[in-house]
Amino acid sequence: MRLSFALLGCLAACSPSAVTPAADAGALTPDARAADASSTPDAAVDAIAPPSDPWSCGPALGARRHDDGSVEVRVHAPNATRVEVALFDVALGAPERLRVPLEADGEGRFEVRVDAAALSAAGLAEPLFYGLRVWGPNWPFDEAWAPGSEVGRVLDVDADGNRMNPNKLVLDPYALEVSHDPIHAEHRDFGVFRTDAANRARDSGPFAPKGVVIGCAAATPGPERPFRDEVVYEVHLRGLTQADPTVPEAERGTYAGAARRAAWLRSLGVTAVELLPVHETPNDQNELTDDASGDNYWGYSSLSFFAPDRRYAADRSPGGPTRELRAMVDAFHAEGLKVYVDVVYNHTAEGGASGDAATILSWRGLDNASFYVLGDDARGYVVSNGVGPDLATAGPVASELVLASLGYWHDALGVDGFRFDLASVVANGCARGCYRYDARLPTRIADALARDADGGPGVDLIAEAWGAVGGTYQVGAFPRGWAEWNDRYRDAVRRDLNRLDREVVPLREVMRRISGSPDLYEDDGRPPAASVNFVVAHDGMTLNDLFRFDTKQNDLPWPYGPSDGGTNDDLAWSHTGDPLRQGTVTQTALALLALSAGVPMITGGDESGRSLRANNNPYNLDSEASWLRWPGDPAHDEALRDFTARLFAFRAAHRALRPGRHWQVFGDADGDGLTEVRWFRDDGRFVDDAYIDAAANHFVAWQLDGDELGDEAATMWFGYNGWSGTILAALPEPPAGLSWRRAIDTSEGAASVGWIEDDGPVVTGEVAVARRSVVVLVAR
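Each value, and the rule that gives it
Residues numbered from 1 in each chain as written. Predicted model: local features only at pLDDT ≥ 70, side-chain atom pairs only at ≥ 80, totals over all residues. Heavy atoms only, no water. Pairing = 2+ DSSP bridges. Helix = DSSP H or I, 4+ residues; strand = E, 2+ residues; numbered from the N terminus. Axes fitted to C-alpha atoms, helices over the stretch in contact; angles between N-to-C directions. Contact = heavy atoms within 4.5 Å. Disulfide = S-S within 2.5 Å. Core = buried A, V, L, I, M, F, W, Y, C linked by side-chain atoms within 4.5 Å. Buried < 20%, exposed > 50% of the residue type's maximum accessible area, 1.4 Å probe, protein only. Left-handed = near helix turned anticlockwise from the far one by under 90°. Nonpolar A, V, L, I, M, F, W, Y, C, P; charged D, E, K, R; others polar. Patch = residues over 30% accessible without salt bridge, like charges linked within 9 Å, V, L, I, M, F, W, Y side chains within 5 Å. Areas by Shrake-Rupley, 256 points an atom, 1.4 Å probe, with all protein chains shown as cover. Salt bridge = Lys/Arg side-chain N within 4 Å of Asp/Glu carboxyl O. Lys, Arg positive; Asp, Glu negative; His and termini not counted. Charge placed at Lys NZ, Arg CZ, Asp CG, Glu CD. 1 Å grid on protein atoms, 1.4 Å probe; cavity = no way out; pocket = protein on both sides within 12 Å on 5 of 7 lines; lining within 4 Å. Points joined across faces, edges and corners; volume = space filled by probe spheres on them. Polar contact = N/O pair within 3.5 Å; in protein donor to acceptor, adjacent residues only side chain to side chain. Phe/Tyr/Trp six-rings, centres within 6.5 Å; stacked < 30°, edge-to-face > 60°. Lys NZ or Arg CZ within 6 Å of the ring centre and 35° of its normal.

1. Things to note about the sheet that holds strand E15 (residues 460-463)
And then number 1: The eight strands lie next to each other as E9-E10-E11-E14-E15-E16-E17-E18, forming a closed barrel whose pairing is parallel. Across the sheet, the mean angle from the axis of one strand to that of its neighbour is 30°, orientation sign disregarded.
And then number 2: In this sheet, strand E18 (residues 599-603) lies alongside strand E9 (residues 232-235) in parallel orientation, the contact comprising three bridges. Each residue of the ladder has a partner; that of Tyr233, found in E18, is Ile602.
And then number 3: Together, strand E16 (482-486) and strand E17 (531-533) form the strand contacts of helix H12 (residues 487-498), whose direction differs from that of E16 by roughly 30°.

Have a look at this one:
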């Protein structure tokens, strides 16, 4: 039986006019709570039973409003001894108008239902904001406590890692929207969220981010398509349209603005848009300075795992970000596009601790020991991500949170897939004091959510399978149902195009990556689509800069810098500053992505020559340097954009490039004399181990049997030359009655012909493959 709080009025924070003397019950002790429950007739409880269940959508925890106007709050905090919900009529600048204790079930879960009469008596209506006040072993409840006091305090942190402090209003980890960031134009004092001696008694309630009570409804399912058919476009939500002159100014950099570009993305040949984090993140601070200091542009620092970032909404009213994000997802779905979001479950925005002192915004204040991996000394943490404490996903509380967040973003917001930032850290199976990769949580996620190999319901799961400490590099080790960012593909292409005069890059490595990395995935029964192939991503140089600079330049002035960090080994090369050579390798890199088995990913702006002037870590550049350029801007290369679109159209037209299993070099199922794939030297003979392992060889060709691979073309031939001179390659005979026709040539001397369906020039006998270029022939 849930408690009715019809007779429970405001606390001292309420205005006197909102309280009747009989209702001013104050904070109830556990015994008083029991007496209050027992004195409430069952009929009164039954009378407020809802006609519909607001918990039928979304997570089983958090806050929901019932049809009768009551509000129900549910919390899971095994180490907490008391939890109260604080309810506010405004998000900022005022204390709570009502504070109500939750009833504990003895197993770490707390809940309460506050009826409409109590809310009305406290002057609370719509919108409704809330937070949590929490007590625990380190700070037991004392009736004499009031916000701003240290009554009841024993320790800031005890030997078990508990850090409860009722003066610090806790953002519910399951809140579906968040009212505001900790720091913004109206509040710049971060000290109020700290627990050091000077700040522990300061009440953060008037200033803290709060949950917004909103409803939930099931989303319309998106495209059901095998992951192997995707072309992924990684882009920052704000950066996509912030500089787009075709988008109304009020919608630039927002979900609504992104929705307006769905058709344009589809015309590029993109099939899935992978958004950098759109979970609520502290980024309102970006507006406070006109330079990079303190900026959080990328958003890899979550304040909530359920709430869409309010800053990315044109409609920032309560419920507005959720409605607008859902409308954006619907717009993408209408164009046949999937929507992926980058999720950061390896750490949070609360950061680490300095001994006893720490920041309390949400998880730490609710149940530090359940949400984070503690160090051997409970005052510290395990940090396997290089940023902040690992989320304790080996335990039930944090793993429950992750699974519920994923389910909500798919079922209620319509998202089709997730890219997991530092996914190996999310798979930390060590409960305390260490890191140990454990596939059990990724397996649970895949079992619960993953789409099958042939498409259908579910989500696409992508792992960034590494972290910042030993043991976290797990590329090739994630379970079935997962794809992975393949950094070995990235490095093989970069080295072959930029490092052949300085490093030995065996053809064997290049061939494996072009083939969908069977050495990483085939023996585990994972298909080529387990490999997400990319040459650049958001972290590192842009594709343009990779071939136009020799080293990073992160110390540039605003708006292109300065940015700290960033790798010192981009494998970049300016190609002696020759624009023709730079253009060739840019096109070749894009072509290899489009032609390789696996799933190609490009980063927003790769298709049009976006440059960050070699800043390879622009996490803090919320500026025009990071925002995409559009037609009409001198920095937008429309010819490259058209070339990219033709490449992806070619890929979409040829099923052989999107295999459901790894290409087979043995067997001839249709008896046409061709295996699924054949590999050639430049002299037309088949490759052997000596050839592909020799440091001096940099040309390889491969032929796909289209008939056996379900392609509309009988066969296709691909020649790749990574060396600095032109190679004349001998061609195999085309099938009887057909001729080889040139479809793609990325060389500086050829027109960017892209995809030519039938009327490409006929090629006989041999073909010239220029330096660092790709030639594709189709038998017609």
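2. Quick look at the state of the cysteines
And then number 1: Within this structure, the stated rule accounts for two disulfides.
And then number 2: The disulfide partner of Cys57 is Cys216, and the S-S distance across this bridge is 1.9 Å. Note on the Cys57 and Cys216 pair: the S-S dihedral is about -50°, so by sign convention the disulfide is left-handed. Pair noted here: Cys57 is in the loop between helix H2 (42-47) and strand E1 (62-65) and Cys216 is in the loop between strand E8 (211-212) and E9, with a separation of 159 residues, a long-range link.
And then number 3: The disulfide partner of Cys430 is Cys434, and the S-S distance across this bridge is 1.8 Å. Around the S-S axis, the bridge from Cys430 to Cys434 shows a dihedral of about 100° and counts as right-handed.

3. What about the nonpolar core?
And then number 1: By size, the foremost hydrophobic cluster in this structure holds 204 residues, and its most contacted members are Phe418, Phe420, Trp702 and Trp717.
And then number 2: If we ignore the near neighbours within four places in the chain, the residues touching Phe420 are Val343, Tyr345, Leu406, Ile445, Leu461, Ile462, Ala463, Glu464 and Trp482.
And then number 3: Residues Leu276, Trp298, Tyr300 and Trp627 belong to the second largest nonpolar core, which totals six residues.

4. As for the sheet that holds E8
And then number 1: The strand order across the open sheet formed by four strands is E4-E3-E7-E8, and the pairing between neighbours is antiparallel. What marks the edges here is a single partner per strand, and that holds for strand E4 (98-101) and E8.
And then number 2: Summarising the sheet, strand E3 (residues 82-88) and E4 pair through four bridges and their orientation is antiparallel. Looking at the pairing, Ala86 lines up with Arg99 of E4.

5. Looking at the packing of H12 against helix H16 (residues 579-595)
Between two packed helices, both the angle of their axes relative to each other and the distance between the axes serve to describe the pair.
And then number 1: Running from N to C, H12 and H16 point in directions that differ by 150°, and their axes come no closer than 11 Å. Once H12 is placed against H16, the crossing between them reads as right-handed. Two secondary-structure elements touch here, H12 through Tyr489, Val493 and Leu497 and H16 through Val585, Thr588, Ala589, Leu592 and Leu593.
And then number 2: In the contact of H12 with H16, the residues fall into seven nonpolar, one polar and no charged.

6. Some remarks on the environment of Val134
And then number 1: Its location among the elements puts Val134 in strand E7 (residues 129-135).
And then number 2: Relative accessible area serves as the criterion here: at 1%, Val134 is assigned to the buried category.
And then number 3: When the C-alpha positions of Val134 and Val493 are compared, they lie 53 Å apart, and in sequence the two are 359 residues distant.
And then number 4: Those residues within four positions of Val134 in sequence are excluded, and the remaining contacts are Ala80, Arg82, Val83, Met164, Asn165, Pro166, Val170, Gly365 and Leu366.

7. Topic: a negative patch on the surface
And then number 1: Together, Asp668, Asp670, Asp672 and Asp707 make up a negatively charged patch on the protein surface.
And then number 2: Counting through the fold element by element, Asp672 comes out in the loop between helix H17 (638-653) and strand E19 (677-680).

8. Details of empty space enclosed by the protein
And then number 1: Summed over the entire model, instances satisfying the criterion amount to five cavities of 30 Å³ or more.
And then number 2: Approximately 180 Å³ is the volume attributed to the largest cavity.
And then number 3: If you trace the largest cavity, you find 17 residues lining it, with Tyr297, Trp298, His538, Arg610 and Ser626 closest to the centre.
And then number 4: Considered class by class, the residues forming the lining of the largest cavity number eight nonpolar, seven polar and two charged.
And then number 5: The volume enclosed by the second largest cavity comes to roughly 70 Å³.

9. Observations concerning the layout of surface pockets
And then number 1: For the largest pocket, the calculated volume is near 1,100 Å³.
And then number 2: What lines the largest pocket is a set of 46 residues, and nearest its centre among them are Trp298, Val387, Asp539, Asn617 and Tyr619.
And then number 3: It is H12 that contributes the most residues to the lining of the largest pocket, three residues altogether.
And then number 4: Residues that form the lining of the largest pocket fall into these classes: 18 nonpolar, 18 polar and ten charged.
And then number 5: Taken as a whole, the second largest pocket holds about 540 Å³ of empty space.

10. Concerning the environment of Arg610
And then number 1: Mapped onto the secondary structure, Arg610 falls in the loop between E18 and H17.
And then number 2: Once the C-alpha coordinates of Arg610 and Trp630 are considered, the two residues, 20 residues apart in sequence, prove to be 10.0 Å apart.
And then number 3: Once residues lying within four places of it in the same chain are set aside, the contact partners of Arg610 are Thr542, Asn544, Thr603, Gly604, Gly605, Ala625, Ser626 and Leu628.
And then number 4: A distance of 3.3 Å separates a polar side-chain atom of Arg610 from the backbone oxygen of Ser626.

11. Thoughts on the packing of aromatic side chains
And then number 1: Overall, the coordinates contain 22 aromatic pairs when judged by the stated rule.
And then number 2: Relative to Phe420, the ring of Tyr345 has its centre 5.9 Å away and its plane inclined at 55°; by these criteria the two rings are tilted. Of this pair, Tyr345 sits in the loop between strand E11 (338-343) and strand E12 (353-354) while Phe420 sits in strand E14 (residues 417-420), and the two are 75 residues apart along the sequence. Taken as a pair, Tyr345 and Phe420 share a single burial class, namely buried.
And then number 3: Ring centres 5.3 Å apart and planes at 35° place the aromatic pair Phe680 and Phe686 in the tilted group.
And then number 4: Residue class for Phe686 comes out partly exposed when judged on its relative accessible area of 49%.
And then number 5: One Lys or Arg, Arg74, reaches over the ring of Trp55 and ends 4.0 Å from the middle of that ring.
And then number 6: Across from the ring centre of Phe88, 4.8 Å away, lies the NZ or CZ of Lys210, which sits over that ring.

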